[in-house]
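Survey of secondary and tertiary structure
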Amino acid sequence: MSTSDNNATSLHGELVAFLTDNNDMRKCAKNSVKASVWAGGGAFAGAFLMGPVGGMVGGIAGSVAGFLTSDQYDGALQNISALEDERRKKLINEVTQVLIAAGATANSLQMTSGFGSALREYAQQDSVRDGIWRACINSLES
């Protein structure tokens, strides 16, 4: 098994653990899947019966049905945005450490513009994206 396969397996395990351990994320995932099944099913049925236009109409109808049948939930970004101050500080500290490990300077991360620039520059690296994702998971779990 290659290193990328091992990494994908470990990330998948991390995601599954996160989705099962965090109630808000479990609700988000469940309702997202439910809505997307409705949308996809509607698009498929419409396209099968009436061609491309039917696919569009079925997708819209399925999306509406998915919306109406799903429970109210917040997405992952909303859950992270709603963190209380202590958990938000912990998240920023962990992300800062990930960026410094990738090569950003501590001084450049003190200002909002420098932090944003470092995110855009270093998040192109898989290890940085993975580290930021892990920091987000940690902030929601604790």
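For the structure itself, look to the data block above.
For the structure given in this document, a descriptive report is provided here. Since this is a predicted model, take the numbers as computed values, not measurements.

A rise of 1.5 Å per residue sets the reference length of helix α4 (residues 85-102), with its 18 residues, at 26 Å; its end C-alpha atoms lie 26 Å apart and thus fit the reference within 8%. Three or more residues of α4 are buried, namely Arg87, Leu91, Val95, Thr96, Val98 and Leu99. Where α4 ends, the next residue or the one after it, Gly103, has phi of about 130 degrees, a positive value.

As a further point, take a nonpolar patch on the surface. A surface patch of nonpolar side chains, about 1,300 Å² in accessible area, is lined by Phe44, Phe48, Leu49, Met50, Val53, Met56, Val57, Ile60, Val64, Phe67 and Leu68. With respect to the helices and strands, the residue Val64 is situated in helix α2 (residues 23-69).

This paragraph deals with the nonpolar core. In this structure, Leu91, Val95 and Leu99 are the most contacted members of the largest nonpolar core, which totals 16 residues. For this core, the elements supplying multiple residues, two or more each, are α4, α5 (112-122) and α6 (126-141).

Procedures and definitions
- Residues numbered from 1 in each chain as written.
- Predicted model: local features only at pLDDT ≥ 70, side-chain atom pairs only at ≥ 80, totals over all residues.
- Heavy atoms only, no water.
- Helix = DSSP H or I, 4+ residues; strand = E, 2+ residues; numbered from the N terminus.
- Expected span 1.5 Å × (residues − 1).
- Buried < 20%, exposed > 50% of the residue type's maximum accessible area, 1.4 Å probe, protein only.
- Patch = residues over 30% accessible without salt bridge, like charges linked within 9 Å, V, L, I, M, F, W, Y side chains within 5 Å.
- Areas by Shrake-Rupley, 256 points an atom, 1.4 Å probe, with all protein chains shown as cover.
- Salt bridge = Lys/Arg side-chain N within 4 Å of Asp/Glu carboxyl O.
- Core = buried A, V, L, I, M, F, W, Y, C linked by side-chain atoms within 4.5 Å.

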